[in-house]
Amino acid sequence: MRQMYSGILKGKSVALLKGGPGKEREVSLRSGTAVAKALQICGAKVHEIDVTSPDFDLPDDTELAFNIIHGTFGEDGQIQEILSQRGIAYTGEGIKGSRAAFDKIRTKECFDRAGVPTSTWHSIRVGQSPRMELPYVVKAPQQGSSVGVHIVRNAESLASALEDCFKYGDEVLVEAFFPGRELTVGILGNTALPVVEIVPKDGFYDYDNKYTSGASEYFVPAPLSSELALRIQETALAAHHALDLEVYSRVDILLAPDGSMSVLEINTIPGMTELSLLPKAAAVAGLDYPSLCEEIAGLSMAKKHR
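Undergrad: Can you lay out the packing of helix α3 (residues 95-102) against helix α4 (residues 104-114) for me, pointing to particular residues and giving the numbers?
TA: Packed helices, taken two at a time, are described by the angle their axes make and the gap between the axes. Here α3 crosses α4 at 100°, and the two axes come no closer than 5 Å. Considered as vectors, α3 and α4 are oriented roughly perpendicular to each other. In this structure, α3 uses Arg99, Ala100, Ala101 and Phe102 to contact α4, whose residues at the interface are Lys104, Arg106 and Thr107. Per-class residue counts for the contact of α3 with α4 are three nonpolar, one polar and three charged.

So, in structure tokens, the structure goes:
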């Protein structure tokens, strides 16, 4: 495993942006704690900034903002726009890519244009009903960590599912239920990391199963033939490129028994907690946690120069 750091962060003043005002605040704070330690190991001078509103302050000597705010505000283009206006280099995707990946409806549109395999879908607004046969999945299109996601198997459960989804906005994504194994693939630049398989012990991979220790099992690399694993990695890369992403992401995919796939979504600020999947995959690929953080910083700074 790589433990020799390139030195690109040595002595650099890095503002670690964590927390945020969204539903994933607590997860972001946990990610931030781990990333701060890693950046210090890489030699950076780290300033931890708990962001609660758009008017957050940064140290005058900030050379790089390391954004670890998941979900609303951190992952949807808002903080990227603020940092761009301030002339501050930051990690992760830019404004356009962040907006496209965060909005599941826009993501689906990009997948369809690029020919990326994904479940049949449509969107509805308040007062409208889904136009497909049960079962299907309804999702709040601009939430992360499976917030506002419901599998609807019967008509009786639809009303409560839609009520929850419409709490987050005036449009809801409806997609055909696609039964299959839950997989995820981390992307660093143009490299797909080993495939991870997620096996929740109960239900699907919702918020509780993601962040409760012992609630899910993870297999890294996933038990797949080399040919199938490569095909899944290629599909993940195609999804990443369909949104014109350049830095890093985590692509969530369902794999059916017949080998067909449905790409669910792309996370541009994936979790970096002790339970998170990107660090697990990077470790199998030979990158320890500080090296992963350094790689993210390096790819981000290279994008800024381009």
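The rest of the description comes next.
Undergrad: Please set out the packing of aromatic side chains residue by residue, giving values where relevant.
TA: Tallied over the full model, the rule gives zero aromatic pairs. It is arginine 153 that lies over the ring of phenylalanine 177; its NZ or CZ is 5.0 Å from the centre.

Undergrad: Can you tell me about the nonpolar core, naming the residues and giving the values?
TA: Nonpolar side chains in soluble globular proteins tend to end up buried together. Membership of the largest hydrophobic core comes to 33 residues, with the highest contact counts inside it found for Leu9, Leu16, Val35, Leu39, Phe66 and Met272. When residues of this core are traced back to their parent elements, those giving at least two are β1 (13-19), α1 (25-41), β3 (64-67), β10 (196-200), α8 (277-284) and α9 (289-305). When sequence neighbours within four positions are dropped, the list of residues in contact with leucine 16 reads Gly32, Val35, Ala36, Leu39, Val46, His47, Glu48, Ile49, Phe66 and Ile68. Of all hydrophobic cores here, the second largest spans 27 residues; its members include Phe111, Leu224, Leu255 and Met261.

Undergrad: Pulling in residues and values, what's your account of the packing of helix α2 (residues 78-86) against α3?
TA: In contact at an axis separation of 8 Å, α2 and α3 are set at 175° when each is read in the N-to-C sense. Considering the angle they form, α2 stands roughly antiparallel to α3. Along the contact surface, α2 presents Gln80, Glu81 and Ser84, while α3 presents Ile95, Ser98 and Arg99. The residue inventory of the contact of α2 with α3, partitioned by class, reads one nonpolar, three polar and two charged.

Undergrad: I'd love a proper account of the sheet that holds strand β2 (residues 45-51), names of residues and values included.
TA: Think of a sheet as strands paired side by side through backbone hydrogen bonds, with each pair either parallel or antiparallel. Spatial strand order, β2-β1-β3: three strands in an open sheet with parallel pairing. Here the strands that pair on one side only, and so sit at the sheet edges, are β2 and β3. Along the sheet, successive strands turn relative to each other by an average axial angle of 25°, direction set aside. Relative to β3, β1 is paired through four bridges, and the arrangement is parallel.

Undergrad: Go over the pattern of salt bridges, please, and point to the residues and values.
TA: In this structure the tally under the stated criterion is twelve salt bridges. The partner of lysine 18 in a salt bridge is glutamate 48, and the shortest N-O contact between them spans 2.6 Å. Remark: glutamate 48 occurs in strand β2 and lysine 18 occurs in strand β1; sequence separation between them is 30 residues. Taking relative accessible area as the criterion, glutamate 48 reaches 41% and is therefore assigned partly exposed. Between glutamate 171 and arginine 125 there is a salt bridge, with the nearest N and O atoms lying 3.7 Å from each other. One end of the pair, glutamate 171, is in strand β7 (residues 171-176); the other, arginine 125, is in strand β4 (residues 121-125), and 46 residues separate them in sequence. Classification of glutamate 171 by relative accessible area gives partly exposed; the value is 22%. We classify arginine 125 as partly exposed; its relative accessible area is 41%. Via salt bridges that share partners, Lys108, Lys139 and Glu175 belong to a single interconnected network.

Undergrad: So what about the pairing of strand β5 (residues 136-139)? Which residues, and what values?
TA: Taking every second residue as pointing to the same face, both faces of β5 are buried, with Tyr136 and Val138 on one and Val137 and Lys139 on the other. Here β5 pairs with strand β6 (residues 149-152) via four bridges, running antiparallel. In the sheet register, valine 138 faces β6, and the bridge partner there is histidine 150. Bridge count between β5 and β7: four bridges; the pairing is antiparallel. Note on β7: the bridge partner recorded for valine 138 is valine 174.

Undergrad: Give a description of the sheet that holds β6 that names residues and reports values.
TA: Taken in spatial order, the four strands of this open sheet run β4-β7-β5-β6, and their pairing is antiparallel. Of all the strands in the sheet, just β4 and β6 have a single pairing partner and so form its edges. Taking each pair of neighbouring strands and ignoring which way they run, the sheet shows an average axis angle of 25°.

Cut-offs used in this document
- Residues numbered from 1 in each chain as written.
- Predicted model: local features only at pLDDT ≥ 70, side-chain atom pairs only at ≥ 80, totals over all residues.
- Heavy atoms only, no water.
- Axes fitted to C-alpha atoms, helices over the stretch in contact; angles between N-to-C directions.
- Helix = DSSP H or I, 4+ residues; strand = E, 2+ residues; numbered from the N terminus.
- Parallel < 35°, antiparallel > 145°, perpendicular 65-115°, else oblique.
- Contact = heavy atoms within 4.5 Å.
- Nonpolar A, V, L, I, M, F, W, Y, C, P; charged D, E, K, R; others polar.
- Phe/Tyr/Trp six-rings, centres within 6.5 Å; stacked < 30°, edge-to-face > 60°.
- Lys NZ or Arg CZ within 6 Å of the ring centre and 35° of its normal.
- Core = buried A, V, L, I, M, F, W, Y, C linked by side-chain atoms within 4.5 Å.
- Buried < 20%, exposed > 50% of the residue type's maximum accessible area, 1.4 Å probe, protein only.
- Pairing = 2+ DSSP bridges.
- Salt bridge = Lys/Arg side-chain N within 4 Å of Asp/Glu carboxyl O.

Bear in mind that shape data such as this cannot, by itself, settle questions of function.
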